[in-house]
Amino acid sequence: MHTGMGSLAHTVGTYAAGLAAHEGEAHAATGFTAYAWLLVALPLAGATMLLLGGRRTDKFGPVVATALSWAAFVVGAIIFVEMLGRGADSRAQNVTLYEWVTAGTFKLSAGMLVDQLSMVFVLLVTFVGSLIHVYSLGYMEHDPDKRRFFAYLNLFVGAMLLLVLANSYLLLYVGWEGVGLASYLLIGFWNWNPAYATAANKAFVVNRVGDFGLTVALMLMFFHFGAVDFQTVLGKSAALTGANQGFMTAMGLMLLLGACGKSAQFPLQSWLGDAMAGPTPVSALIHAATMVTAGVYLIVRSAPIFEAAPTAQLVVVIVGAITLLFGAIVGCAKDDIKKALAASTMSQIGYMMLAAGLGPVGYAFAIFHLLTHGFFKAGMFLGAGSVMHGMNDKVDMRRFGGLSGAMKITWATFGLGWLAILGVPPFSGYWSKDKIIEAAFIGEGWRPWVFGGAALIGAGITAFYMSRLFFMTFHGKKRWDADDHPHESPRIMTVPMIVLAVGSAFLGLILSWNDMFVSWLEPVTGAEPEGAHPVVPVPLLLTLTLLLVAGGVFLAWMRYWRDDVPVTAPAGSLVTQAARKDLYQDQVNEALLMRPGIHLTRSLVFADSKGVDGAVGGLAALVGGTSSRLRKLQNGFARSYALTMLAGVVAILGALWVIS
Amino acid sequence: MTEMSTVPWLTITGLIPLVGALVVAFVPGTVENAKRLALGFSVLALVVGIVAATQYDPSSTKQFQLGEQVSWIPQFGVSYSLGVDGLALVLILMSLVLTPVCLLAAWHDVPEEAGPQGGRRTKAYFALLLVLETFMVGVFAATDVFLFYVFFEAMLIPVYFLIGRFGGPRRQYAAMKFLLFSLAGGLIMLVAVIALYLQGPGGTDGFLIEKLTGLSIDPTTERLLFVGFFLAFAVKAPMVPFHTWLPDAATESTPATATLLVGVLDKVGTFGMIRFCLQLFPEASKWATPVVIALAVISVLYGALLAIGQTDMMRLISFTSISHFGFIVLGIFAFTSTGGAGSSLYMLNHGFSTAALFLFAAMLVHRRGSKRIPDFGGWQRVTPGLAGIFLVAGLSGLALPGLSSFISEFLVLVGSFPTQPVAAVVGATGSILAALYILLMYKRMMTGPKPDGLAGVRDLSLREKVVAAPILATFLVLGFFPNIALHVINPAVDKSLSYVHTDSAVTPAAEGSTK
């Protein structure tokens, strides 16, 4: 019998049974890959247990959360090994879970796409994420709300894995806002400080602006393709030949808006600097290595849409170029070590975005840089946390200096990250960033010169501000306060830093061997077009880049190592002042959006109570036969009138009853 | 059109609370026992309702099931006729779940009074809530237009007394305002109801919906009739500019009343739009669409902007509802199956979402003794558990993906886009405003340094946890398994849309571009 309860049983039944496999490139999952949902479920189970378990789980909760994060890594590693065992063509697998939403013509099942691209993210997120869990065991040891912190970290890992594993834009959206929620909760983790609470709100609201773009993109997809799963949307986008440019451009731009919010790209970059209010491990994991790169993932995943919309693709490159310079300039002026790193993150994601907008010549390198950046930037953030740990939670680099002696491991691991981000061969960043610069110089007309130029100049500025940061912190004269007694952090914190530093040093080299990484991704991102050469010869480009980098380092050495660094910041030039204020991003947003919004809200509230309500109230009073307005309503004629009307209705009904 | 039931399930379900109300009000006993009895009767109604739901067959071709029909006033064509489609069933179940939750939340709403008469007010309060439950079942189950009207108006009586006798300092004013607005809408509808009957075939059961469906009415008359019904529903829903009674009613009434008023009663408005406006006046519905869509989008943005500007929690929550009702109406008048299903699901989700916001906010008000947002601050450190569930309620209000409200809002938007692209895109900005009104409220109330002098304030009690658990569970279950409800809703939506004759099975551009 088909019943209401029966339909519930039916829904749960399909959950177990799964749906018929999709046809096409992604095969139905076999072997352990079918358990990919464990990747999401394990960390989410941890978060649930810690949040619902309450104080009872205070003691063992953080350790369990860490263990569950490692368990997710193990699951990911097994699936990865399984994937390696298959041929390149059959590596992408589809795990269909259950019928999720069926509403009218909208039909979608929840499922996961386990392919080469999502696997890169799974390994990055679970490995770096688990290391940061371990580090946090030390960093957050004395925080009374430690359990809540680990619950949120687990929530983040689960949501991030859902984001990268989802096989439809709608399920991706769930992970997308899930990581946003975790980010909001962790930025505001110490929200007894009102400024931190504001930072958390800012992050969420700016991201919502981006998510508006994602929503509109979903509307366009459903309208245009009648579906929102990757298979249909991307398959049909790839099959388009020049038709429906307008639609595809709109779709691409809306996706880009979403990516800009999540990845702090211009013009939605303003939240990232303030997000440093969160505990430092959070900055390392969420606001450097993983979540903020989700925008790049979105663009690369949606490659067929952008291939069909060259205008949108161009805008991606422009946004990336602007942001990489924007972040680099801001990074030069920040004295707060975490905010300087945040600006750098923004700038580096700008590089990835630029690469993602270049098309097949850039996709693989966007992801490659995302991966190496995940290691070296997370490592440097953990290093910054270690410095703060040893310096009474100070973040002002003008009060650091000469820390290399006191914190040898921190200095060495940070130093490897520094070399990596500079792009010094043979460290990791060189293999990914230099390739992006090369790719930016490929093309015709003005584009390679403008975009390549931006990427090249950005590399020089990066060298300057990162060296400034490194020297101001670890070298030069000691500018410590009297009560500062810097010391190395405990082993539970240094070991994750060492592991990440090893990755910063060698990951790029290893993965570049035989073009290993690029060919791994090729089935997803497409092959690099043959015969695409930069407009400047590669050896010349390489020399130029290294010269600019050396120049940046030298300049920083002169000003921040050789010369004394004043403990209070000098007034600085107009550019410095602007950079300190993040190029006036908040002022612009306030003038254009916030203040008009507040005025609109206030005047509407006033109009609603005085205008709309007053008019209606006056009318009601008029009906009541009295001109002295609402006060009379309470005991005046209107009340008896209304009650009489009600009584009348009842009486009529009664009379009809009697007649019958 | 109606599948008759051998057991009068709907009548039994509806009568249980009424019997409960009489027992609670008139059988002597302690107040505590009376409250327990009231809760017991509402739980019994829920159990019977679930049993009734198992008899429902989503794959049936009949519009109404669990049907009952008795001639009531044959001279005037009125029958006592009940029956449910998927939407009505879901809304009845929602009412049946929310009532016991509200009763439990309302445990200490009425201050204890000393003396022999002490418990009478409390008993009256619980009895009125049960009476309201009976009418809620009736209004969704009525398949006779006149019977619907009777329930529609009868609901006003318990609500009027619930607001006017048990509310806050300005309760008299709020109750009267509510009554005037509702009566004004209702009387216009009464005229339309009678005029509609005169257009129909007449006879001893001439008020049955099935007798009045598919009439060929002269366009002007049809439009007038549509307007008559629509105005009453727009006041009830409420849509801008007929909304001003709601914030007053919600803030002056007790939280349980506010929950049932906004969460369930207001749904009669949007339910009525689908059941009566679309089904009985399809041509006029299409004629009125541009105006209705405009009002819906205005409601979305206006409600959200006003919510941002409120300093009273309860008013803020009621303005968020005005915004959400805008979404529901948008989905209904998009005339697509996806939009309609989204709106129907939205009605269900919004009931739980609003219940969570009102009831959890009330837990805070109870502790602080104030509804004003600025009177709070730093409460996450006073009552972390309560702050946590309040945040989840808020996230449901802003339609966070993963929670049930997201699915419905998303379906409304993607479902509206094919026919109303501008409205859908403009409406989507409402989700940015939603983040603002929820998170600003949370920030003002919960974050900041721990306030002094609140040492005696306790976190969630067991009773409060029992109130919260079913609501929060619903968020997650319907967020990840919305098909539980959609399987039942979809056929009802298709049926309603079949009257407006829009072919929603095809998304135009998809067919044009990819073949």
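Residues numbered from 1 in each chain as written. Chains lettered and ligands numbered in written order. Predicted model: local features only at pLDDT ≥ 70, side-chain atom pairs only at ≥ 80, totals over all residues. Heavy atoms only, no water.

1. Focus on the side chain of Asn201 of chain A
Point 1. Tracing the backbone shows Asn201 of chain A in helix 7 (residues 194-225).
Point 2. On the accessibility criterion, Asn201 of chain A (7% relative accessible area) is buried.
Point 3. Sequence-distant contacts of Asn201 of chain A, that is, excluding residues within four places in its chain, are made with Tyr184 of chain A together with Leu439, Leu440 and Lys443 of chain B. (Helix = DSSP H or I, 4+ residues; strand = E, 2+ residues; numbered from the N terminus. Buried < 20%, exposed > 50% of the residue type's maximum accessible area, 1.4 Å probe, protein only. Contact = heavy atoms within 4.5 Å.)

2. Observations regarding the confidence of the model for chain B
A low pLDDT score tells you not to read the predicted coordinates there in detail.
Point 1. When pLDDT is averaged along chain B, the result is 90, and 96% of the positions lie at 70 or above.
Point 2. Every residue in residues 503-515 of chain B scores below 50 in pLDDT, and together they form 23 contacts with partners more than four places removed in sequence or on other chains. (pLDDT = per-residue confidence, 0-100.)

3. Overview of the packing of aromatic side chains
Point 1. Per the stated rule, a full pass over the model turns up 61 aromatic pairs over all chains.
Point 2. Judged by centre distance (5.9 Å) and plane angle (15°), the rings of Phe414 of chain A and Phe470 of chain A are stacked. Pair noted here: Phe414 of chain A is in helix 17 (residues 408-422) and Phe470 of chain A is in helix 19 (residues 447-474), with a separation of 56 residues, a long-range link. Each member of the pair, Phe414 of chain A as well as Phe470 of chain A, carries the same accessibility label: buried.
Point 3. Here the aromatic residues Phe414, Trp418, Phe470, Phe471, Phe474 and Trp561 of chain A are joined through ring pairs into a cluster of three or more.
Point 4. Of note, Lys236 of chain B hangs over the ring of Phe152 of chain B, and the distance from its end group to the ring centre comes to 4.6 Å. (Phe/Tyr/Trp six-rings, centres within 6.5 Å; stacked < 30°, edge-to-face > 60°. Lys NZ or Arg CZ within 6 Å of the ring centre and 35° of its normal.)

4. Concerning the side chain of Asn490 of chain B
Point 1. Examined against the element boundaries, Asn490 of chain B turns out to sit in helix 21 (residues 483-500).
Point 2. The exposure class assigned to Asn490 of chain B is buried, which follows from its relative accessible area of 11%.
Point 3. A polar contact is formed between the side chain of Asn490 of chain B and the backbone oxygen of Thr102 of chain A, at a distance of 2.8 Å.
Point 4. Once you skip the residues sitting within four places of it in the chain, Asn490 of chain B turns out to touch Thr102, Ala103 and Gly104 of chain A together with Ala341 of chain B. (Polar contact = N/O pair within 3.5 Å; in protein donor to acceptor, adjacent residues only side chain to side chain.)

5. Remarks on the nonpolar core
Point 1. Counting 431 residues, the largest nonpolar core has Phe229 and Phe333 of chain B as the members making the most contacts within it.
Point 2. Apart from residues no more than four positions distant in its own chain, Phe333 of chain B is found in contact with Phe226, Phe230, Met273, Leu278, Ser285, Thr289, Val292, Ile293 and Gln420 of chain B. (Core = buried A, V, L, I, M, F, W, Y, C linked by side-chain atoms within 4.5 Å.)

6. Comments concerning the sheet that holds strand 1 (residues 27-28) of chain A
Whether parallel or antiparallel, the strands of a sheet pair through hydrogen bonds between backbone atoms.
Residues and elements named next belong to chain A.
Point 1. Across the sheet, which stays open at both edges, the three strands sit in the order 1-2-3 with mixed pairing between neighbours. With one partner strand each, in any of the chains shown, strand 1 and strand 3 (106-114) form the two edges of the open sheet.
Point 2. Bridge count for strand 2 (residues 93-103) against strand 3 is nine bridges, and the pairing is antiparallel. Within strand 3, the position partnered with Val95 by the bridge is Met112. (Pairing = 2+ DSSP bridges.)

7. What about the pattern of salt bridges?
All names here are of chain A.
Point 1. According to the stated counting rule, one finds 27 salt bridges over all chains in the structure shown.
Point 2. Ionic pairing is found between Arg55 and Asp58, a salt bridge with its closest N-O pair at 2.9 Å.
Point 3. Assessed through its relative accessible area of 53%, Arg55 is described here as exposed.
Point 4. A salt bridge links Arg208 to Glu177; its shortest N-O distance comes to 3.0 Å. Taken as a pair, Arg208 in helix 7 and Glu177 in helix 6 (residues 169-187) lie far apart in primary sequence, 31 residues in all.
Point 5. Residue Arg208 is classed as buried on the basis of its relative accessible area of 3%. (Salt bridge = Lys/Arg side-chain N within 4 Å of Asp/Glu carboxyl O.)

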